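Structural characterization, general
The chain contents come next:
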Amino acid sequence: MLRFVVRRLLLLVPVLVGLSVLLFAWLRALPGDPARALLGDKATPEAIARLNAQYGFDQPLIVQFFTYVGQLAQGNFGASARTGEPVLQTFLDRFPATVELALVALLFAIVVGVPLGYFAAKRAGGVLDLFAVGSSLLGVVIPVFVLAYLLKIVFAIGLPGLEFLAILPSSGRQDVRMFATHITDFYILDGLMTREFDAAWDAFKHLILPGLALGSIPLASITRMTRASVLEVLNEDYIRTANAKGLSQTLITWRHVMKNAMLPVITTIGLLTGQLLSGAVLTESVFAFNGIGSYLFEAISTLDYAVLQGFILFIAIVFALVNLIVDLLYGVFDPRMRVQ
Amino acid sequence: MTQLPQDAAGVTPTERPPALAAAMAGGVETDEGGTSLWTAALKRLVRNPSAIVGAVIVAAFLIVALLAPVLAPYRPSTTEWANQVTPSRLPAFSPQHPLGLDPFGSDLLTQLIYGARQSLIIGVVSTVLGLLGGALLGILAGAFGGWVDTLVMRLVDILLSIPSLLLAVSVAAIVGRRPESLMIAIAAAQVPVFARLLRGSMLKQRGQDYVLAATSLGLRRRSVVMGHVFPNSLGPVIVQATLILATAIIEVAALSYLGMGSPDPTVAEWGRMLVKAQERLESYPHLTILPGLCIAVTALGFTLLGEALREALDPKTRK
């Protein structure tokens, strides 16, 4: 088990090295010189020269590359050109918010998507099946930020005549008048730990709309994957055997069907992390939610290269780690895949 | 019952070409006793209702996009009615402007119609570019194998470790804010997907008998790869391209929304139209809903068609 984890982590190294080379090359390939990109068009030649010396942009490329790698190894990912905040610190500060949002989105998608997919497969071709397939298609084709807007109009701002539906907050992570104590920066968890239950409830209310919007992406994939996978398992011989020997339906459903059908679904969930993080960029910006997504959104619109570079690298690491955890979870569902 | 004679009619032993002839003819795969793969797939396709719905939507989209100058009442991106628009108020719908004006003082209906054209151009060009790039890498990896394969696939792995939207953003940042940067960015994000798909597909074909036949006939490797392996690997790639067109249309909107693409804010592009609409969400929700609906319906059309195509070509679903 430990050896497997270590080996997987080691396999991550070449990908990360390659990625940092790519990101380095990317920064070099940007139009204009980096100092001008950082300082803007109105920079004086002296300021540019100073910055060039400060960041070592006047050194040969190969020297610059090793300096860059050395800094990465020391955990120095540079600072935002816009705010001056160090990139790593900002990422860590804002990461809990995005994790909280992504978990709510994923939880919503699993709680709705798995039963929906299961019953759709049980009654394949029926009304529920049509509904499940249809609604999962809608999740695929509606851009997440459009859905986010629509939810915001109806449930936070209020349409004329339908104002009574607008009961949820439209932006932020928590009511600013709520002087909540924060320990972990996971606001719901903080509220529960400090017994400030009104704060936890308020944080949860702020998560509902962005969670629903972001959750529409994994919901579609999870529903379809569960449906396809359950359909396949239901046709297996061992299900017929289980039925023939008179096992209870509950036992068959949980021990035989679901346990076998969940494997591909778990893989899907791992692969969805990338989409969740991309989706967070758009969702968080619509709801002014202070996670890494909304920060990335601003970095993108102002072309804040240090932030883009650092965040992309961190996101790739998170993506890889989530997929490692997913691989380890396989063992829980399938003993053949259990890592020795 | 009506299917039986149809299928039976196609089965005539003489129509089944020998493996050698198939190899010479470019490896046309035969299936269902004499009906070609594509003919059989087409037959299954027209029996599938969701394929019909998808095809109708795609056809309507293509007509609107191609005939935009004829269908649209005005020219796109004109701001000639800007004096009727104030920061807080837009004029009501009128016979001259059935969907009213947008916040820049352009006719909304015209902008929506030309938006279809913009989506089509960006979607198709980026998918073709992505396909070409992916094909180049995939052919390199799939045809040579060995260290070329390892090298190419590691590069693909690295690219796949970045969420596609962020990859597109990175590329768009290099290209700068130009109208064509969206196409290049979306194409770049598709390259690793197509590369991996094509490589897998080619590896599967490489072990087939017709490749052995062609090689033993003394054909050079280049003509075996280009004339036989590559065309036969295209099936899953064409399906993927249809599905990716849907993704591309959504990603165009997302990138426009992020401020990439044309620096002109009045450009008739669905995603870009949503950005300005955001400020008027409360008072004029139709500014958000209409372009959003256009994106969703178009993406739905390509998705339905792509999925139906996949089902039709998938040997597992053949009856």
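What counts and how
- Residues numbered from 1 in each chain as written.
- Chains lettered and ligands numbered in written order.
- Predicted model: local features only at pLDDT ≥ 70, side-chain atom pairs only at ≥ 80, totals over all residues.
- Helix = DSSP H or I, 4+ residues; strand = E, 2+ residues; numbered from the N terminus.
- Buried ≥ 20, exposed ≤ 12 C-beta atoms within 10 Å, placed from the backbone.
- Contact = placed C-beta atoms within 7 Å.
- Nonpolar A, V, L, I, M, F, W, Y, C, P; charged D, E, K, R; others polar.
- Expected span 1.5 Å × (residues − 1).
- Arc of directions from axis to C-beta.
- Axes fitted to C-alpha atoms, helices over the stretch in contact; angles between N-to-C directions.
- Parallel < 35°, antiparallel > 145°, perpendicular 65-115°, else oblique.
- Left-handed = near helix turned anticlockwise from the far one by under 90°.
- Core = buried A, V, L, I, M, F, W, Y, C linked by C-beta atoms within 7 Å.
- pLDDT = per-residue confidence, 0-100.

So, on to the overall build of chain A. Along its length, chain A carries 13 helices and zero strands. Listed by position from the N terminus, the elements making up chain A come as α-α-α-α-α-α-α-α-α-α-α-α-α. Principal-axis analysis of the C-alpha atoms places the extent of chain A at approximately 85 × 60 × 40 Å. Counting all 340 residues of chain A, 35% fall into the buried class. Of the contacts made within chain A by residues no fewer than 6 positions apart, 67% connect residues no fewer than 24 positions apart.

What follows covers the overall build of chain B. Along the backbone of chain B there are 14 helices and two strands. Per-residue burial for chain B yields a buried fraction of 46% across its 319 residues.

To continue, consider the interface of chain A and chain B. Contact residues are listed per partner, giving 36 residues for chain A and 33 residues for chain B. The set of elements that each furnish at least two residues to the side of chain A that touches chain B consists of α1 (2-29), α6 (127-141), α7 (144-157), α11 (249-286), α12 (292-302) and α13 (305-333) of chain A. Considering every element that reaches the side of chain A that touches chain B, the biggest residue donor is α1(A), with seven residues. For the side of chain A that touches chain B, the residue count by class is 31 nonpolar, five polar and no charged.

Once that is clear, we can look at α7(A). Residue and element names in this part refer to chain A. Spanning 14 residues, α7 covers 18 Å between terminal C-alpha atoms, matching the ideal 20 Å at 1.5 Å per step. Turning to α7, its buried residues number three or more, namely Val144, Phe145, Val146, Leu147, Ala148, Tyr149, Leu151, Lys152 and Ile153. Gly158, located one to two residues past α7, shows a positive phi value of around 100 degrees.

Below, the discussion takes up helix α4 (residues 49-66) of chain B. All names here are of chain B. Under the 1.5 Å per step criterion, the end-to-end length of α4 is 26 Å for 18 residues, consistent within 8% with the ideal 26 Å. Those residues of α4 not exposed but buried are Ala51, Gly54, Val58, Phe61, Val64 and Ala65. Within α4, the buried residues cover an arc of 165 degrees as seen down the axis, which keeps them to one side. Relative to its buried face, α4 has exposed residues pointing more than 90 degrees away, namely Pro49 and Ala59.

Here the focus is the packing of helix α7 (residues 146-160) of chain B against helix α9 (residues 181-206) of chain B. Packed helices, taken two at a time, are described by the angle between their axes plus the distance between the axes. Residue and element names in this part refer to chain B. Closest axis-to-axis distance for the α7/α9 pair is 9 Å, and the angle between their directions is 135 degrees. Taken together, the axes of α7 and α9 are oblique relative to one another. Two packed elements cross with a definite hand, and for α7 against α9 that hand is left-handed. Mapping the contact onto sequence places Val156, Leu159 and Leu160 in α7 and Pro192, Ala195 and Arg196 in α9.

What follows is about the nonpolar core. By size, the foremost hydrophobic cluster in this structure holds 168 residues, and its most contacted members are A:Ala148, B:Ala168 and B:Ala185. With 15 residues, helix α9 (residues 197-234) of chain A is the largest single contributor of residues to this core. Setting aside chain neighbours within four positions, we find B:Ala168 in contact with B:Ala185, B:Ile186, B:Ala188, B:Ala189, B:Glu251 and B:Leu255.

This part is about the environment of A:Val154. Residues and elements named next belong to chain A. Looking at the element boundaries, Val154 is found in helix α7. Sequence-wise, Val154 and Phe164 are 10 residues apart; in three dimensions their C-alpha atoms are separated by 9.5 Å. Ignoring anything within four residues of it in the chain, the contact list for Val154 reads Leu159, Leu162 and Leu165.

What follows covers the environment of A:Met1. Position of A:Met1 relative to the elements: it lies in the segment before α1. Measuring from C-alpha to C-alpha, the distance between A:Met1 and A:Glu284 comes to 37 Å, with 283 residues separating the pair along the chain.

Residues and elements named next belong to chain A. Backbone geometry at Ala288 places phi at a positive 45 degrees, although glycine is not the residue there. Of note, Ala288 is situated in the loop between α11 and α12. By C-beta crowding, Ala288 is classed as exposed, having 12 other C-beta atoms within 10 Å.

What follows concerns the packing of α9(B) against helix α12 (residues 234-257) of chain B. Residues and elements named next belong to chain B. At a minimum axis distance of 10 Å, the contact between α9 and α12 shows a crossing angle of 155 degrees. Viewed along their axes, α9 and α12 adopt a mutual orientation that is roughly antiparallel. The element α9 and its partner α12 pack so that their crossing is right-handed. Across from Leu182, Ala185, Ile186, Gln190, Phe194, Leu197, Leu198 and Ser201 in α9, the residues of α12 making contact are Pro236, Val237, Gln240, Ile244, Ala248, Glu251, Val252 and Leu255. Partitioned by chemical class, the residues of the contact of α9 with α12 number 12 nonpolar, three polar and one charged.

This part is about the confidence of the model for chain B. Residues and elements named next belong to chain B. Per-residue confidence for chain B gives a mean pLDDT of 76, with 84% of residues at or over 70. The element-level mean pLDDT for chain B is lowest in helix α1 (residues 3-10), coming to 38, with α4 highest at 88. Every residue in residues 1-32 scores below 50 in pLDDT, and together they form 40 contacts with partners more than four places removed in sequence or on other chains. Among the prediction metrics, the complex's ipTM stands at 0.78, with pTM recorded as 0.78.

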